[in-house]
Structure formats: structure tokens, C-alpha cells
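If you want the building blocks of each chain, they are given just below.
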Amino acid sequence: MKFPIIDMHCDLLSYLARIPGATPYEKGEIACAIPWLQAGNVRMQILAIYTDVKSESMDMAMRQAQIFSDLLAKHDSDIAFTDADFLLNWEKQNRIGVMAAIENAAGLGNEEASWEEIYSQFDGILAKVNKLAYIGLTHHTENRFGGGNYTEGIGLKDDGKKLLDYISGKNIPIDFSHTSDLLAEGILDHIDRQNLKIPVIASHSNFREIYTHPRNLTDEFAKEIIHRGGIIGVNFLRAFLDPEVPERLFDHIFHGFQIGGAESICFGADYFYTKDFEDASRHPFYFPLVENAGKYPSLIESLEDKLSEDQLINLSYRNSLEFYRKIQN
Ligand SMILES: [Zn+2]
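Residues numbered from 1 in each chain as written. Predicted model: local features only at pLDDT ≥ 70, side-chain atom pairs only at ≥ 80, totals over all residues. Heavy atoms only, no water.

### Focus: the pattern of salt bridges
Step number 1: Taken as a whole, this structure holds 16 salt bridges when the rule is applied.
Step number 2: Across the salt bridge formed by Arg-248 and Asp-242, the nearest N and O atoms sit 3.0 Å from each other.
Step number 3: When its relative accessible area of 11% is taken as the criterion, Asp-242 is described as buried. (Salt bridge = Lys/Arg side-chain N within 4 Å of Asp/Glu carboxyl O. Buried < 20%, exposed > 50% of the residue type's maximum accessible area, 1.4 Å probe, protein only.)

Here's what the structure looks like:
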């Protein structure tokens, strides 16, 4: 059966912003090119605005927000903005619904920016992209808001608290995919103490119980996300699944169901431009079974004897769809 797919994370925008001459239609260049999404029956794709911690991060983020808006204007026969009507009339859509998200709040505020500049950047990006599917405070490294995956011992900083306070009540989830454990803990703690209204998710993360890696979620945080009604998008990167074992992808998915995530587990493939990535050990970035978004139907097929139809529907699109329907109310 060819299920519609919702995918919570790809880096098409930073590819288009960084690579001269890049187009969203070049199948040989990026695994989430529009023809791959169409082949995979991906009906909704979150497009991350990704930036490093650099002084130009705010310009880079604004450029990607502009690219998002231009994509919608230029390619409206293939893609559509995921507005309330799109979510409500999901079955009737024949275009790919897209929504932008922030991967690394360095795009909202570099290390030098004043709060006035941060608020104006936030509002400026939101004006271009209409709605944010989620915000992640950090990437792998540390920034003014907190500590990323590879910064053990650095948690939520005062600027991180201030940004959370600003996000509260705006129906924008906070993403745990690139937090240090201490940052994840700090965010939950601050949300609870201040009684903030911020959904929590992990847009593209696997489970540390299945494969030990700082990019993967501990069961403690995964269960916390589930308990709070959030979603967890399974990541397809070989490095985070288990670099030697393609089938480990199934174990991560099953684990999500086993720990109570039947209504939380979804896809967050994490396709990005890999050609200029220097670390040779990361190549190939994806196992053949999920090497591009066109592989979704065959992936679903190989799960058919392992999951019930109901579970497959939840995983493919229903959990993410219901999550976004729910938080916009
Ligand atoms: Zn990422």
C-alpha cells in the first residue's frame, strides 16, 4: 500500500541558499529533491532553516526564509503552504504541503545581536514563512541560548529562557533533536516552572537505547515528549541508526512504539546536501533502503509484516498530521 507520508525534517533550504545554481528539482544532488518527494508520496515536508553559529547566521536564515517564500511562489503547481485549510482537507491535497522550521536559533540571533534585533529577526522570518513548524535552540555546538548535542554539561542559558518566554503561546513547538541532555532538561524545567505553553518534539531523532549516540534521545526524554503529546521523527542517517546495520532502522521504529509512542512516532528523514561533507567515515550518508525520499513506499512495504496497518498509518502521516491539527487550535 502506498501511504501518504509526512516528513518532519530536511535541509533543502540551506542547500538552495549555499550551493550556486542549486534547484529543488535536481535528483542527483539532494535526496529530498521535489521529484524524490513526489516519487515517495511525501505529502507534507518540513523545510528547516539551518545555520551554523556564525556572525552571518541571521543573514543566512533570512535568506532561507526568502527562498522558502520564493519556492511557494515559483512552484505552486507542485508545492503548497501547509495552512489550516491544507491540514483540514488533507485527503484532497495533490501538492506537497510545506512549512518552515528553525534548526539552530543562531538564525534568530547571532552571538552579538541585541534583543531588539532578535525579536525583529524572529518577526521578520515569521512574516516571510507564515508559520514555524518548530524551533531548535542549538545545533551540535554551543550558542548564546544553550548547549548542543556535542557539548556535554552545557544546558539552558538565560538567553535561551528569554527566547522560550517569547515563543510561549505562539503554537510553535520546541525541538529536542539538537539539544544536549542538560539543555533538554533545562527546557522542560523552564516550561514547567514558568507554566509556558510550548509543545515539545524531536523532529529528527532516534533512540539511544537502540544505538548509543549523543544525537539520539534517551528514553527519559523520549517518554517525556510522548507524555506531553509531542512527536518523534525517526532519522535515516546511517551514523545515528547504527553505521553497520541497515535493519537497525526498524529497531528504532519498533522502540518508538514499545515505549508508548504509538501516537508520537513519525518520520524525520534528515536529507541534506552531502557532497561537500569532508568526513569520509560519514559516506555513504544513507543506507540504500532509505537513500532518498523516493524510497518511502518500499520502506513501508518492508514494514508491512512487522507493524499493523493502524501502526503504519500512524507512522506514515497520522501522528504528525494530528499533532499539527491539534497545536494550531
Ligand atoms: Zn539536524
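After that view, the rundown keeps rolling.
### Some details on the pairing of strand 4 (residues 96-103)
Step number 1: Counting buried residues along strand 4, eight of its eight residues qualify, which places the element largely inside the surrounding structure.
Step number 2: Of the two faces of strand 4, the one holding Ile-96, Val-98, Ala-100 and Ile-102 and the one holding Gly-97, Met-99, Ala-101 and Glu-103 are both buried throughout.
Step number 3: As paired strands, strand 2 (residues 42-50) and strand 4 are joined by seven bridges and run parallel to one another. What sits directly across from Met-44, in strand 4, is Gly-97.
Step number 4: Summarising the sheet, strand 3 (residues 79-81) and strand 4 pair through three bridges and their orientation is parallel. Within strand 4, the position partnered with Ile-79 by the bridge is Ile-96.
Step number 5: Examined bridge by bridge, strand 4 and strand 5 (residues 132-136) share three bridges and lie parallel to one another. Looking across to strand 5, one finds that Ile-102 is bridged to Ile-135. (Helix = DSSP H or I, 4+ residues; strand = E, 2+ residues; numbered from the N terminus. Pairing = 2+ DSSP bridges.)

### Some details on unusual backbone geometry
Step number 1: Residues His-283 and Pro-284 are joined by a peptide bond in cis, for which omega reads -10 degrees.
Step number 2: Relative to the helices and strands, Pro-284 resides in the loop between strand 9 (265-267) and helix 11 (296-303).
Step number 3: Its identity is not glycine, yet Asn-195 carries a phi of approximately 55 degrees, on the positive side.
Step number 4: Examined against the element boundaries, Asn-195 turns out to sit in the loop between helix 7 (181-194) and strand 7 (200-201).
Step number 5: Overall, the relative accessible area of 67% leaves Asn-195 in the exposed class.
Step number 6: Of note in this structure, Asp-242 is not a glycine but carries a positive phi near 150 degrees.

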